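Listed below, chain by chain, are the residues.
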Amino acid sequence: MADERFAFVVVSNRLPVDRVVAEDGSASWKQSPGGLVTALEPVMRKTEGAWVGWIGQPEVELAPFTHSGLRIVPLALTGGEVELFYEGFSNDTIWPLYHDVIVPATYHRDWWDSYVAVNQRFADQAAAVADVGATVWVHDYQLQLVPRMLRLARPDLVIGFFNHIPFPAYGLYSQLPWRTQIIEGLLGADVIGFQRVSDAGNFSRAVRRLLGYPTRSPFIEVPATDELPARRVVARPFPISIDVVAFEELARSPAVQARATQIRAELGNPKTVILGVDRLDYTKGIGHRLKAFSEILEEGRLKVEDVTLVQVASPSRERVETYKHLRDEIELTVGRINGDFGTIGHQAVNYLHHGFPREEMAALYLAADVMLVTALRDGMNLVAKEYVAARHDEDGVLVLSEFAGAADELKTSLRINPHDIDGLKDAIMQAVDMPRAERRKRMRSLRKRVRENDVGHWSRSFLRTLSDANGGIDRLGADLDPLGDLEWTVERVPKP
Ligand code: F6P
């Protein structure tokens, strides 16, 4: 694939697969964690495009390769870059700041310097593999400077950016010492996508406050500079989703259904199985959920013989200090709850600190009567959508935090404020006691919503807007249309 050029290039820090090395030194690939990969992988399977990203391990240089049909262009990060760019600026500065400072954000100038340098390398790599006039779609908070860097290097490109996590209100964003550079970096894109209406609004406000550019939603008028001509940028929400049909198909497979029954049996066939599935991250409100559950047991509202909480907490960012603390805290709490309420044969919380293949996840969703999504702040939360997609039996109750982006769409879930522990406990009890007819009614309406906006709709909608912003599909050209002959079914961006 050396020197191969692509009409469609996706750029993200994470690739769909992570390289893992066993004790005997042999290397293999495993699916990467996180919502970005869940959403983008099915999109990339339908294109002839290339995916530029990091393989998840420091100091490993690999030539471009194809992995289960996906064209991968790996970018190597040094150990120092992993520490400063990834663990530092991306995950200890931007991540907490953009999630409303649930934990304090840390500002270090050498982390910023590394962020700039690594963003430049991603931009260079994308520029090297993008064909003339290609569409390059850059993803997420780790790469916010890439759009401007790419535009300066390759003005012929059509550039999109999608932010998978929230964009904070100006009062918080303004803390960032490099707030203007980040905004300018993002404005290098033709279209900037966000999860929620409020994220797009926060971004436009930051542009007005910091740069004074005129904005009239969804447009931002970027004036000419010495380096670039005047441009009109679109900034608007595109709520992300999953491959609903594929996930439902998986959940309908006899093997997955049998596994769901087996899971309940292995748990001792309790009356109620409650499920939580998260990366082990402080944004997910796992501690709040455990507190509510333990108080329910303590007050005798549920008996440990009748209920099990299965908590899947997949390992994440394990070298970052706040994540180490979180793990200790959660595992201590789980140990306490099991010590206080467990009996021989009945564990209150079944805690699993690993990731699982999609088949096992689908089986877990089918086995769970109640799904708890208690995020304190979350861009979207695709686990909520996976649960709904899996429930072809129109059963199961979704308890969903209003602070997750998914709450904008999944209105017939039981919406909760995770900080309100009493309210959360009442919602859990309402879910446990909900009559079958109401469960069916709510789940039907959730499933309709999730089906209407699946990941195909999300990507078509984004790419259509990107193409419109650049003078329409003609500019992309029929053979350069990234999604080939797939039907475009999107609302058009209104002309100003
Ligand atoms: O989907 C949101 C996201 O934050 C991605 O940007 C990120 O790649 C993923 O979750 C998992 O985090 P990490 O890449 O740090 O393991």
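Treat the numbers as computed from the prediction; the structure is a model and nothing was measured. (Residues numbered from 1 in each chain as written. Predicted model: local features only at pLDDT ≥ 70, side-chain atom pairs only at ≥ 80, totals over all residues. Heavy atoms only, no water.)

Caption draft 1: Layout of the pattern of salt bridges. By the definition in use, this model includes 40 salt bridges. Among the ionic pairs, Glu295 bridges to Lys425, the shortest N-O distance being 2.7 Å. Of the two residues, Glu295 sits in helix H10 (residues 286-298) while Lys425 sits in helix H14 (residues 421-433), which places them 130 residues apart along the sequence. Judged by relative accessible area, which is 2%, Lys425 ranks as buried. Within the structure, one salt-bridge network assembled from shared partners comprises Lys291, Glu295, Glu299, Arg301, Asp422, Lys425 and Asp426. (Salt bridge = Lys/Arg side-chain N within 4 Å of Asp/Glu carboxyl O. Helix = DSSP H or I, 4+ residues; strand = E, 2+ residues; numbered from the N terminus. Buried < 20%, exposed > 50% of the residue type's maximum accessible area, 1.4 Å probe, protein only.)

Caption draft 2: How the structure looks around the site of the ligand. In the vicinity of the ligand there are 13 residues, among which Arg14, Leu36, Tyr86, Asp140 and Arg317 approach most closely. In this structure, Tyr86 approaches the ligand through a side-chain N or O atom, which is 2.6 Å from an oxygen atom. Alone, the ligand offers 380 Å² of accessible surface; in the complex the protein occludes 94% of this. Considering every element that reaches the shell around the ligand, the biggest residue donor is helix H2 (residues 79-98), with 3 residues. (Near = heavy atom within 4 Å. Polar contact = N/O pair within 3.5 Å; in protein donor to acceptor, adjacent residues only side chain to side chain. Areas by Shrake-Rupley, 256 points an atom, 1.4 Å probe, with all protein chains shown as cover.)

Caption draft 3: Focus on the packing of aromatic side chains. Enumeration over the complete set of coordinates arrives at 24 aromatic pairs. When the centroid spacing of 6.1 Å and the interplanar angle of 70° are considered together, the rings of Tyr365 and Tyr387 count as edge-to-face. Of this pair, Tyr365 sits in helix H12 (residues 358-367) while Tyr387 sits in helix H13 (residues 382-390), and the two are 22 residues apart along the sequence. The pair Tyr365 / Tyr387 is uniform in exposure class, with both members buried. One aromatic cluster in this structure is built from Phe85, Phe89, Trp112, Tyr115, Phe122 and Trp178. For the cation-ring pair, Arg236 lies above Phe238, with the distance from its terminal atom to the ring centre recorded as 4.1 Å. Stacked on the ring of Trp95, the Lys or Arg Arg317 has its end atom at 4.1 Å from the ring centre. (Phe/Tyr/Trp six-rings, centres within 6.5 Å; stacked < 30°, edge-to-face > 60°. Lys NZ or Arg CZ within 6 Å of the ring centre and 35° of its normal.)

Caption draft 4: Inspection of the sheet that holds strand S18 (residues 414-416) at higher detail. Reading across the sheet, the 6 strands line up as S15-S14-S13-S16-S17-S18 and stay open at both edges, with parallel pairing between neighbours. The open sheet has two free edges, formed respectively by strand S15 (349-352) and S18, since each of these has just one partner strand. With direction set aside, neighbouring strand axes in the sheet form an average angle of 20°. In this structure, strand S14 (residues 307-314) lies alongside S15, joined through 4 bridges in parallel fashion. Note that in S15 the partner of Val312 across the bridge is Leu352. Set on the sheet, H12 makes contact with strand S13 (272-279), S14 and strand S16 (370-373); between it and S13 the angle comes to about 140°. (Pairing = 2+ DSSP bridges. Axes fitted to C-alpha atoms, helices over the stretch in contact; angles between N-to-C directions. Contact = heavy atoms within 4.5 Å.)

Scope: geometric values only; no functional claims are made or implied.
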